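Observations on the three-dimensional arrangement
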There are 2 protein chains.
Amino acid sequence: MSLAVGVDLGGSTLRAALVDAQGDIVRAVRRPLGERSPEAVVDQLALLLGELAPPPGAPMAVGLAGSIRSHGGVVALAPNLGWRELPFGALLAARFGGARLVNDLGAITVGEAERGAGRGARDVVCVFVGTGVGMGAVVGGALLEGHGGLAAELGHAKVVEPEQGRLCGCGERGCLEAYVGGRHLPALLGEQLAAGVASDRFRADDPVLASVDAAVLEEAAAAGDPAALAVWRRAAELLGRALGTVIAVLSPRGLVLGGGVLRRAPHLRALVGERLQANGPRPQLAELVIRDSELGDDAGLVGAGLLAHRERR
Amino acid sequence: MSLAVGVDLGGSTLRAALVDAQGDIVRAVRRPLGERSPEAVVDQLALLLGELAPPPGAPMAVGLAGSIRSHGGVVALAPNLGWRELPFGALLAARFGGARLVNDLGAITVGEAERGAGRGARDVVCVFVGTGVGMGAVVGGALLEGHGGLAAELGHAKVVEPEQGRLCGCGERGCLEAYVGGRHLPALLGEQLAAGVASDRFRADDPVLASVDAAVLEEAAAAGDPAALAVWRRAAELLGRALGTVIAVLSPRGLVLGGGVLRRAPHLRALVGERLQANGPRPQLAELVIRDSELGDDAGLVGAGLLAHRERR
């Protein structure tokens, strides 16, 4: 049986799995991520691989949250790890004889497209809304990379005129992520309250506002709180329109939605579905199957493992 | 020398060329398009091919303006020809032994990507603004088709909330094309005048308004006419933002702009460039080369010929 190693280098956990050529996980291991310097991460990965015990010469792919120049193995930017323009691929090659680097959403997309909610389709788009907004796409059966590996950055597509837009974590204004991403929810709610939208639950000057998350907003929206509903409605309109543009451009067979914010907020998820129907072009929508993600935390491991199989020499 | 036949079935002209494997046109012929029934078009193509005299067995591809279900050879919709859900591929196969059908912008994109303004890049997006808005993309060296061949419909991506959007020729509201396409320019100007924007040249009740085109608007904009400038500014903002989203999603190396409206309106073209810089994500823009189309009417013939070579049995 041919086996590959899929690695998920997350913000707080390092996980690795042996994955067969069909994408089944044969064995998986994990450990909390400690120090985040590149050398320390390589050391921790070596310990984890010792535990996993892959067959000699098994190919490996590593998914991590960040922009990756895919063909050079350089991590252009990984905010969670504090890395910038780091040749992590070369470090992995020196220690383990090489590994493919891939954006975490790219790995998740391959996993969901081949074994999860998008299985059976050759054109699949995956959009996850969590702290930020991540996207991946499989086009004609292959992971979309774009020039230098920078494709599928939907979170930083502009959804309002930038000069009037909200400031995003990337330093630009008007990005989709600044209207939908979990880290922006407290400020988005505060702006609705400041604009005079009524609320039974929240007060603009309440310090607890800073800790509002998707679950709190969802509970308020479910109870009909106008300010919470206003945040969800605007998020759904802008996300639905951006998804509609992606559908117009890529015309995928499958659209897979996931991530912590959408998972914890069924009202938002339903509104996004409605606004996608209103904002998508009908001929492409007619061909589209929309599903929630199915593989959970395994998606990235399965996808990285499948990508590693394809790079096998 | 291996030769293929590229055909451009335009709204008023039928053109065909012998194209070698490098994309050079060896010989080209044309005739005005007469009757547009599918059988009449096949007859006219047969006469044209008689004149072109391709070598026996030369593969053929036909580009035409419309949505094409690429793998079935069915023209889903071709407004210029008045065709809908027409199995044109089967007609071509019966008469000529088969031909690949491709959307005209798909053929143009392959031509420009391989021999024109995008040459040397494996990821190229081509956007033409004429009567409508057309798009094509080459992703990793292959024409982007999407599920069923319906990809790259940027003209029908929604750029404003649909319920408040302008009516597009496709029957939906809020499409990019309704704010940029040449056939909408008279109405767009009329709306600015009706909203009270000043103009030295145009009056809301002047019947000549109905014949305003890109050249007339451009001349007025160049002379500083506020209403003409307002039309161009809104068009540039919405087109620039849509292009920015395409750049975020596909991260191409090359962006090729063309079409009659952009060609005739240098002020609009310059504004679009500015608004793309403001609306695009910086990391992807830094990798992007933006050029005007170079091959003119030959792009579609070259692209169709190259696609035909790739389908050679």
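Look up: the structure comes first, before these words.
Predicted model, so just to flag it, every value in this text is computed and none were measured.

**Section: the overall build of chain A**
Along chain A, the regular secondary structure elements total 11 helices and 13 strands. The C-alpha atoms of chain A give a radius of gyration of 20 Å, which matches the 20 Å a tight globule of 313 residues would have. Principal axes of the C-alpha set define a box for chain A whose edges measure 65 × 45 × 35 Å. By residue count, 58% of the 313 residues in chain A fall in the buried class. Considering only contacts in chain A between residues 6 or more positions apart, those separated by 24 or more positions represent 60%. Here chain A displays about 12,300 Å² of accessible surface, and carbon together with sulfur accounts for 50% of that area. For chain A, the separation between the mean place of its 31 positive charges and that of its 34 negative charges on side chains is 3 Å.

**Digging into the pattern of salt bridges**
Overall, the coordinates contain 38 salt bridges over all chains when judged by the stated rule. In this structure, Glu85 of chain A engages Arg69 of chain A in a salt bridge whose closest nitrogen and oxygen atoms are separated by 2.6 Å. Of this pair, Glu85 of chain A sits in strand β7 (residues 83-86) while Arg69 of chain A sits in strand β5 (residues 67-69); the two residues are 16 residues apart in sequence, bridging distant segments of the chain. When its relative accessible area of 44% is taken as the criterion, Glu85 of chain A is described as partly exposed. Look at the salt bridges and you will find they share partners, linking Glu163 of chain A together with Glu237, Arg241 and Arg275 of chain B into a network.

**Brief notes about the sheet that holds strand β5 (residues 67-69) of chain B**
All names here are of chain B. The 3 strands are arranged β5-β6-β7 in an open sheet whose pairing can be described as antiparallel. A single partner strand is all that each edge strand has here, and the edge strands are β5 and β7 (83-86). This sheet shows a mean twist of 20 degrees between the axes of neighbouring strands, independent of strand direction. Here strand β6 (residues 74-78) runs beside β7; their pairing, made up of 3 bridges, is antiparallel. Along β7, the bridge assignment pairs Val75 with Leu86.

**Thoughts on the sheet that holds strand β8 (residues 100-103) of chain A**
Residues and elements named next belong to chain A. The mixed open sheet is built from 5 strands, whose spatial order is β3-β2-β1-β4-β8. The two strands at the open ends of the sheet, each matched to only one other strand, are β3 (25-32) and β8. Neighbouring strand axes in the sheet, compared pairwise and without regard to direction, differ in orientation by 20 degrees on average. Each of β1 (3-9), β2 (13-20), β3 and β4 (60-64) is contacted by helix α1 (residues 38-52), which is oriented at about 140 degrees to β3, the strand it contacts most.

**Details of the side chain of Asp225 of chain B**
Residues and elements named next belong to chain B. For Asp225, the location among the structural elements is in the loop between α6 (214-222) and α7 (226-250). Although Asp225 is buried, it forms no salt bridge, and the closest oppositely charged side chain is Arg201 at an N-O distance of 5.4 Å. In this structure the side chain of Asp225 is engaged in a polar contact, spanning 2.8 Å, whose partner is the side chain of Ser199. At a separation of 3.0 Å, a polar atom in the side chain of Asp225 contacts the main-chain amide nitrogen of Ala228. Here Asp225 is in contact with Ser199, Asp200, Arg201, Phe202 and Ala220, once residues within four sequence places are set aside.

**Here we look at the relation of the copies chain B and chain A**
The two copies are related by a screw motion: chain B maps onto chain A through a turn of 180 degrees and a shift of 0.0 Å along the axis, at an RMSD of 0.0 Å. Classification of the inter-copy transformation places it as that of a two-fold axis.

**Topic: the nonpolar core**
Generally speaking, nonpolar side chains in soluble globular proteins are found buried as a group. Leu250 of chain A together with Leu250 of chain B are the most contacted members of the largest nonpolar core, which totals 114 residues. Val7, Leu48, Val62 and Leu101 of chain B belong to the second largest nonpolar core, which has 28 residues in total.

**Quick notes on empty space enclosed by the protein**
Counted by the stated rule, this structure contains 3 cavities of 30 Å³ or more. What the largest cavity holds in volume is close to 170 Å³. In terms of lining, the largest cavity is formed by 14 residues, of which the most central are Lys158, Arg241 and Thr245 of chain A together with Lys158 and Thr245 of chain B. Elements supplying a minimum of two residues to the lining of the largest cavity: α7 (226-250) of chain A together with α7 of chain B. Taken together, the residues that form the lining of the largest cavity break down as 8 nonpolar, 2 polar and 4 charged.

**A word on helix α5 (residues 185-194) of chain B**
All names here are of chain B. Of all 10 residues making up α5, 7 are buried, and the element is well covered by its neighbours. Taken together, the buried positions of α5 are occupied by Leu185, Pro186, Leu188, Leu189, Gly190, Gln192 and Leu193. Those residues of α5 that are buried lie in contact with α4 (177-180), α6 and α7. Looking one or two places after α5, you find Gly196, whose phi comes out positive at around 95 degrees.

**Thoughts on the interface of chain B and chain A**
Contact residues are listed per partner, giving 41 residues for chain B and 41 residues for chain A. When chain B packs against chain A, the two sides together hide about 3,300 Å² of surface, and 55% of this comes from carbon and sulfur. Here chain B is connected to chain A by 6 salt bridges. A salt bridge links Glu287 of chain B to Arg69 of chain A; the nearest nitrogen and oxygen atoms lie 3.4 Å apart. At the junction of chain B and chain A, the tally comes to 18 residue pairs in polar contact (both at pLDDT 80 or more).

Basis of the calculations
- Residues numbered from 1 in each chain as written.
- Chains lettered and ligands numbered in written order.
- Predicted model: local features only at pLDDT ≥ 70, side-chain atom pairs only at ≥ 80, totals over all residues.
- Heavy atoms only, no water.
- Helix = DSSP H or I, 4+ residues; strand = E, 2+ residues; numbered from the N terminus.
- Rg over C-alpha atoms; globule rule 2.2 N^0.38 Å.
- Buried < 20%, exposed > 50% of the residue type's maximum accessible area, 1.4 Å probe, protein only.
- Contact = heavy atoms within 4.5 Å.
- Areas by Shrake-Rupley, 256 points an atom, 1.4 Å probe, with all protein chains shown as cover.
- Lys, Arg positive; Asp, Glu negative; His and termini not counted.
- Charge placed at Lys NZ, Arg CZ, Asp CG, Glu CD.
- Salt bridge = Lys/Arg side-chain N within 4 Å of Asp/Glu carboxyl O.
- Pairing = 2+ DSSP bridges.
- Axes fitted to C-alpha atoms, helices over the stretch in contact; angles between N-to-C directions.
- Polar contact = N/O pair within 3.5 Å; in protein donor to acceptor, adjacent residues only side chain to side chain.
- Least-squares fit on C-alpha atoms with pLDDT ≥ 70 in both.
- Core = buried A, V, L, I, M, F, W, Y, C linked by side-chain atoms within 4.5 Å.
- 1 Å grid on protein atoms, 1.4 Å probe; cavity = no way out; pocket = protein on both sides within 12 Å on 5 of 7 lines; lining within 4 Å.
- Points joined across faces, edges and corners; volume = space filled by probe spheres on them.
- Nonpolar A, V, L, I, M, F, W, Y, C, P; charged D, E, K, R; others polar.
- Buried area = accessible area lost by both parts, 1.4 Å probe.

Fair warning: the whole summary comes from geometry, so function is off the table for now.
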